[in-house]
Amino acid sequence: MRCVVLGATGYVGGRLVPQLLDAGHEVRVVARSPEKVAEEPWRDRVEVERGDVTDPASIETALTDCEVVYYLVHSLARKDFVDVDREGARTVAEAAKAAGARRLVYLGGIVPDDEELSPHLASRAEVGRVLLESGVPAVVLQAAVIIGSGSASFEMLRYLTERLPAMVTPRWVRNRIQPIAIRDVLHYLVHAADLPSEVNGAFDIGGPDVLTYLDMMRRYAVVAGLPRRAVVPVPVLTPWLSAQWVNLVTPVPKSIAVPLIESLVHEVVCHDHSIAEHIPDPDAGLTHYEHAVELALTRIRNADVPTRWSDASSAAAPSDPLPSDPEWAGGTVYEDERAQRTDASPEALWDVIESIGGEHGWYSFPLAWSVRGWADRLVGGVGLRRGRRDPRRLHLGEALDWWRVEHLDRPRLLRLRAEMKLPGRAWLELGVESDEDGRTVYRQRAVFEPHGLAGHAYWKGIAPFHGVVFGGMVRNITGAAQGSLVSGKDG
């Protein structure tokens with residue numbers, strides 16, 4: 001069938017696309033920034049359309065001649081996510097009906113009975129209702145915690161368990177949860193395309209195990225080979241306070257941790273398994289929790305994580321002009337530009353540039369970067385701990401610590417856009433050139449567009465440290481590239 005995937009640059013959507021293709025479907029990917037899928041291994045097998053669920057005209061065009069529409073978009077990191085997701089669902093529902101689509105498919109959350117829902121779960125339920133009432137046959141698949149490499153829920157669980165041998169925990173860790181492996185979620189999503197038109201409803205999906213969050217942490221520790229974790233329950237820890245702790249200990253920022261934890265306050269267990277009447281279980285059966293954890297950890301160890309929760313980015317597009325570009329017209333722009341020649345080859349220098357961040361660090365004054373990362377976390381920013389998907393190779397649009405890969409012209413230029421809390425917008429460019437004598441030149445440029453007086457004060461306040469931070473980066477990056485030459489890694 002002709003399938004349209006909205007949210008293909010996100011965690012679930014990026015894994016769904018290749019499975020739909022392997023099942024024989026034609027796939028059209030709709031993305032706010034089509035450039036983000038340029039390096040995906042399935043790029044040449046799909047049609048790519050620019051579209052945004054907040055722009056009805058673009059969605060109407062993107063859904064032309066579609067048969068099945070997958071709605072995998074959410075705006076969890078935004079404060080107004082409830083309103084944005086509601087309007088997005090209405091836009092897609094109306095466009096799908098106008099296009100004569102045969103099926104809408106949505107992935108939401110399990111809705112507990114007779115409870116006041118968290119804003120996150122209430123929003124997911126509302127989006128499901130909008131799609132079910134659209135006049136287009138819809139399937140709303142409702143899942144609890146998804147276990148898979150790169151999912152926000154799994155990252156939160158993993159870092160809490162690995163970093164805290166002893167934990168003070170709130171009451172909600174004893175609530176029951178029915179987790180599901182990402183491979184089983186994809187099984188249901190793929191087969192939903194083939195359902196007959198009379199199927200229109202919401203279905204709970206879950207794995208074979210019902211556990212408490214405490215059980216999940218302890219079983220994770222066993223699979224990961226960690227000592228048994230000591231747990232001390234404290235009833236006064238509110239979801240908000242728990243989220244602040246998650247924000248400090250894990251890569252998941254407060255903006256996402258708060259709605260996730262507010263949802264865990266509920267018991268999220270499947271009401272039934274009626275989905276099996278329409279979509280049979282996988283041939284090997286649903287994946288048990290321990291096996292799902294083992295599969296996820298294997299992918300992480302092998303640096304084979306195809307999508308991550310942090311892949312979803314803000315509204316700014318890679319095609320937006322840099323404030324220093326000729327086509328940009330605005331106010332003050334500050335720059336710090338540096339260059340240095342090196343005896344290393346362009347290839348060796350690029351290898352160092354593309355492996356920057358994550359475990360390799362930023363080649364300059366680690367304490368300063370760490371302090372800045374912690375400060376960003378304390379004010380609700382993303383901090384430095386988002387890391388990267390692959391230790392050596394970057395992907396356009398992916399998160400890199402507190403940056404976003406905005407431009408990637410391998411092996412010449414890497415441009416990063418800052419996603420930390422700032423009184424303005426910031427970019428960092430790392431480039432490789434050759435001079436007139438054929439020697440390799442490393443070029444580095446930091447660009448800052450201040451917002452208001454606070455922005456100007458911020459730049460002037462940190463300017464005295466640029467020599468240490470940015471100058472150190474230049475020296476250490478070129479030094480690392482030359483070091484690879486000396487050690488025989490170059491060429």
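Reading the values: the criteria
- Residues numbered from 1 in each chain as written.
- Predicted model: local features only at pLDDT ≥ 70, side-chain atom pairs only at ≥ 80, totals over all residues.
- Heavy atoms only, no water.
- Salt bridge = Lys/Arg side-chain N within 4 Å of Asp/Glu carboxyl O.
- Helix = DSSP H or I, 4+ residues; strand = E, 2+ residues; numbered from the N terminus.
- Buried < 20%, exposed > 50% of the residue type's maximum accessible area, 1.4 Å probe, protein only.
- Contact = heavy atoms within 4.5 Å.
- Pairing = 2+ DSSP bridges.
- Patch = residues over 30% accessible without salt bridge, like charges linked within 9 Å, V, L, I, M, F, W, Y side chains within 5 Å.
- Areas by Shrake-Rupley, 256 points an atom, 1.4 Å probe, with all protein chains shown as cover.
- Phe/Tyr/Trp six-rings, centres within 6.5 Å; stacked < 30°, edge-to-face > 60°.
- Lys NZ or Arg CZ within 6 Å of the ring centre and 35° of its normal.

Draft legend 1. Seen up close, the pattern of salt bridges. Tallied over the entire structure, the rule returns 28 salt bridges. Two residues, Glu354 and Arg410, come together in a salt bridge whose shortest N-O distance is 2.7 Å. Taken together, the residues Glu354 in helix α11 (residues 346-354) and Arg410 in the loop between β16 (403-409) and β17 (413-418) connect sequence positions 56 residues apart. Exposure remark for Glu354: the relative accessible area of 5% places this residue in the buried category. Its relative accessible area of 24% is what places Arg410 among the partly exposed residues.

Draft legend 2. Region of interest: the environment of Trp350. Note that Trp350 resides in helix α11. Judged by its relative accessible area of 4%, Trp350 is buried. Taking the C-alpha atoms as reference points, Trp350 and Ala202, 148 residues apart in sequence, are found 49 Å from one another. Leave out the neighbours within four places in its chain, and Trp350 touches Leu408, Asp409, Arg410, Pro411, Arg412, Leu413, Leu414, Leu430 and Val432.

Draft legend 3. Representation of the pairing of β17 in the model. Taking burial as the measure, the 6 residues of β17 include 5 buried ones, the bulk of the element. Where β16 lies against β17, 6 bridges are found, and the strand directions are antiparallel. Counted as the bridge partner of Val405 is Leu416 from β17. What sits between the antiparallel neighbours β16 and β17 is a turn of 3 residues. Where β17 and strand β18 (residues 424-434) come together, 5 bridges link them in antiparallel fashion.

Draft legend 4. The arrangement of helix α6 (residues 182-192) in detail. Counting buried residues along α6, 9 of its 11 residues qualify, which places the element largely inside the surrounding structure. Of all the residues in α6, the buried ones are Ile182, Asp184, Val185, Leu186, His187, Tyr188, Leu189, Val190 and Ala192. Next to the buried residues of α6 lie α1 (13-22), β4 (68-71), β5 (103-109), β6 (138-143), β7 (146-147) and β10 (180-181).

Draft legend 5. Fine view of a nonpolar patch on the surface. The grouping of Phe365, Leu367, Val371 and Val468 at the surface amounts to a nonpolar patch, some 370 Å² of accessible area in total. By the element assignment, Val468 lies in helix α14 (residues 466-486). Here Val468 falls in the partly exposed class, since its relative accessible area comes to 44%.

Draft legend 6. Up close: the packing of aromatic side chains. In the structure shown here, the tally under the stated rule is 8 aromatic pairs. Ring centres of Tyr71 and Tyr106 lie 5.9 Å apart, and the angle between their planes is 35°; on these two criteria the pair is classed as tilted. On the criterion of sequence distance, the pair formed by Tyr71 in strand β4 and Tyr106 in strand β5 is long-range, its members being 35 residues apart. Each member of the pair, Tyr71 as well as Tyr106, carries the same accessibility label: buried. A ring pair is formed by Trp369 and Trp402, whose centres lie 5.5 Å apart and whose planes are at 20°; its orientation type is stacked. Here Trp369, found in helix α12 (residues 366-378), pairs with Trp402, found in the loop between β15 (399-400) and β16; they are 33 residues apart in sequence, far enough to count as distant. Each member of the pair, Trp369 together with Trp402, is buried. The ring of Trp402 has Arg372 sitting right over it, with the charged end atom 5.7 Å from the ring centre.

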